[in-house]
Amino acid sequence: MKKLAVVLSLLLAVVSVSFSQDRYSQFVKKFDYDAKTPLDIQETNVETRDGVKIYTISYASLKGGRVPAYLVVPEMKGKHAAILFGHWAMNGSPFANKTEFLDEAVVLAKSGVVSLLPDAVIARPGFVRDEDFFSESVPAAFFQQILDLRRGIDLLAARKDVDANRIGYVGHSYNSNAGGVLTGVERRVKAFVLMASGLADEADMFSDEPVFVEIRKKYGEERVRRLVTKYAYLDPAHYVGRAAPAVVFLQHGKNDGHLSRRADYYFSLVSEPKEMKIYDAGHALNAGARLDRYEFLRKHLKLKSIDLKNFDKVREIK
């Protein structure tokens, strides 16, 4: 009987892996697009800061409209590493847009980095946040965001001053979750930094965390389950286990509610190679996280070393 139980257990494990692979294969196709579609890049302004060029641009979204962005370019010539930055979406924060990482991108330009900092769909002019938990606009915006980020990588990879083999991604909160999906979808990114991420929508929603218990009580467990099932293809948990060979660095604050408590679980979902560090901080993280981010990117994108005092000029977000 014991031997039979072991065999059955192994068979179930094989079936589970196969089912998971089937779901991933189906889900990843949803993010396919015609890469030959023109980006239609438009420049509206340029300024120079510490010898670094900051271009205000926009490019076409595959779902209509345009993606406002900053493009930060170092003064030095040659082929550079590139980083796509995805900002958080904290209500009320002056940094809940493409400005969040601008100071950081200017410093990184000294290390030989071209950076693209797009506004998320939900941060663009005219977007109206729908507070309805079951609103179709919320997952639609998140799906569009992932495609817009992929087009941002198209933009960077096509530049003559970018080494397409040294592209990184840095995402915070909302765009960290989007980055979680990108890990299993976008193979051109070599290194991911995911800050304050919730990387498991379904597992979180049906956990014992008070915030999710209240949601299930309010709306009914079956109704919530139908919603989660409908948009399962947007759950980062289906992708982060397939990030390899890209390396993933998770950054969490120890004072960040359920994200702090579930950080180890999220980390367990991510494929090797991976790293994680917990900071004495909340959802915004802190200067220590910024310095660790730089060292991680310097190592994996082969950046030039710079004077770390440059980071003293970076404004703290709140």
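Residues numbered from 1 in each chain as written. Predicted model: local features only at pLDDT ≥ 70, side-chain atom pairs only at ≥ 80, totals over all residues. Heavy atoms only, no water.

A. Representation of the overall build of the chain in the model. Helix and strand content of the chain: 10 helices and nine strands. A compact globule built from 318 residues should have a C-alpha radius of gyration of about 20 Å, and the chain, at 20 Å, falls within 12% of that. Referenced to the eigenvectors of the C-alpha coordinate spread, the extents of the chain come out at roughly 70 × 45 × 40 Å. The long-range share in the chain, meaning contacts at least 24 apart out of those at least 6 apart in sequence, stands at 72%. Here the chain has roughly 15100 Å² of accessible surface; of this, 55% comes from carbon and sulfur atoms. Within the chain, the 40 negative side-chain charges are centred at a point lying 4 Å from the centre of the 47 positive side-chain charges. (Helix = DSSP H or I, 4+ residues; strand = E, 2+ residues; numbered from the N terminus. Rg over C-alpha atoms; globule rule 2.2 N^0.38 Å. Contact = heavy atoms within 4.5 Å. Areas by Shrake-Rupley, 256 points an atom, 1.4 Å probe, with all protein chains shown as cover. Lys, Arg positive; Asp, Glu negative; His and termini not counted. Charge placed at Lys NZ, Arg CZ, Asp CG, Glu CD.)

B. Representation of the layout of surface pockets. One number sums up the size of the largest pocket: a volume of about 1500 Å³. In this structure, the largest pocket is lined by 38 residues; those nearest its centre are Phe-133, Val-138, Tyr-174, Asn-177 and Asp-201. Listed by contribution, the elements that provide at least two residues to the lining of the largest pocket are helix H3 (137–157), helix H4 (174–185), helix H5 (201–205), helix H6 (210–219), helix H7 (221–230) and helix H8 (257–261). A per-element tally of the lining of the largest pocket places H3 first, with four residues. In terms of residue class, the lining of the largest pocket is built from 22 nonpolar, nine polar and seven charged. (1 Å grid on protein atoms, 1.4 Å probe; cavity = no way out; pocket = protein on both sides within 12 Å on 5 of 7 lines; lining within 4 Å. Points joined across faces, edges and corners; volume = space filled by probe spheres on them. Nonpolar A, V, L, I, M, F, W, Y, C, P; charged D, E, K, R; others polar.)

C. Layout of the pattern of salt bridges. Under the criterion given, the structure shown has 22 salt bridges. Where Asp-204 meets Arg-262, a salt bridge forms, and the shortest distance between an N and an O atom there is 2.4 Å. Linking Asp-204 in helix H5 with Arg-262 in the loop between H8 and helix H9 (263–269), this pair joins segments that are 58 residues apart in sequence. One exposure class covers both Asp-204 and Arg-262, and it is buried. Salt-bridge contacts for Glu-209 lead to Arg-261; the nearest nitrogen and oxygen are separated by 2.6 Å. With Glu-209 in the loop between H5 and H6 and Arg-261 in helix H8, this residue pair connects regions lying 52 residues apart in the sequence. (Salt bridge = Lys/Arg side-chain N within 4 Å of Asp/Glu carboxyl O. Buried < 20%, exposed > 50% of the residue type's maximum accessible area, 1.4 Å probe, protein only.)

D. Local environment of the pairing of strand S7 (residues 189–195). In terms of residue burial, S7 counts as a mostly covered element, since six of its seven residues are buried. Direction of pairing for strand S6 (residues 162–172) relative to S7: parallel, over a ladder of six bridges. The residue bridging His-172 from the neighbouring strand is Met-195, located in S7. Assessed by its sense of winding, the connection that carries the chain from S6 through H4 to S7 is right-handed. (Pairing = 2+ DSSP bridges. Right-handed = clockwise from strand over helix to strand, strands pointing away.)

E. Main features of the side chain of Arg-151. On the secondary structure map, Arg-151 appears in helix H3. In this structure the side chain of Arg-151 is engaged in a polar contact, spanning 3.4 Å, whose partner is the backbone oxygen of Ala-35. Here Arg-151 is in contact with Tyr-33, Asp-34, Ala-35, Thr-37, Pro-38, Leu-39, Tyr-59 and Leu-62, once residues within four sequence places are set aside. (Polar contact = N/O pair within 3.5 Å; in protein donor to acceptor, adjacent residues only side chain to side chain.)

F. The arrangement of the packing of H6 against H7 in detail. Running from N to C, H6 and H7 cross one another at 110°; their axes reach a closest spacing of 6 Å. Considering the angle they form, H6 stands roughly perpendicular to H7. Of the residues in H7, those in contact with Ile-215, Arg-216 and Tyr-219 of H6 are Glu-221, Arg-223 and Val-224. For the contact of H6 with H7, the residue count by class is three nonpolar, no polar and three charged. (Axes fitted to C-alpha atoms, helices over the stretch in contact; angles between N-to-C directions. Parallel < 35°, antiparallel > 145°, perpendicular 65-115°, else oblique.)

G. Highlighting the packing of aromatic side chains. For the structure on display, the rule yields 15 aromatic pairs. Centre to centre, the rings of Tyr-265 and Tyr-266 are 6.3 Å apart; their planes meet at 55°, and the pair counts as tilted. According to the relative accessible area criterion, Tyr-266 is buried, its value standing at 0%. What links up through ring pairs into an aromatic cluster is the set Tyr-24, Phe-31, Phe-143, Tyr-231, Tyr-233 and Tyr-239. One residue, Lys-30, lies across the ring of Tyr-233, its end atom 4.9 Å from the ring centre. Lying over the aromatic face of Tyr-70, Lys-98 brings its terminal NZ or CZ to 5.0 Å of the ring centre. (Phe/Tyr/Trp six-rings, centres within 6.5 Å; stacked < 30°, edge-to-face > 60°. Lys NZ or Arg CZ within 6 Å of the ring centre and 35° of its normal.)

H. Spatial organisation of the sheet that holds strand S9 (residues 274–279). As summarised here, the arrangement of the nine strands in space is S1-S2-S3-S5-S4-S6-S7-S8-S9, forming an open sheet in which the pairing is mixed. If you trace the sheet from one side to the other, it starts and ends with strand S1 (42–49) and S9, each paired once. Across the sheet, the mean angle separating the axes of adjacent strands is 20° when strand polarity is ignored. Relative to S9, strand S8 (residues 247–253) is paired through six bridges, and the arrangement is parallel. Pairing of Gly-253 across the sheet is with Tyr-279, part of S9.

I. Inspection of empty space enclosed by the protein at higher detail. This model, assessed by the stated rule, comprises one cavity of 30 Å³ or more. One number sums up the size of the largest cavity: a volume of about 120 Å³. Lining the largest cavity are 13 residues, and of these Glu-104, Ala-284, Arg-290, Arg-293 and Ile-317 lie nearest its centre. When grouped by side-chain class, the residues that make up the lining of the largest cavity number six nonpolar, one polar and six charged.

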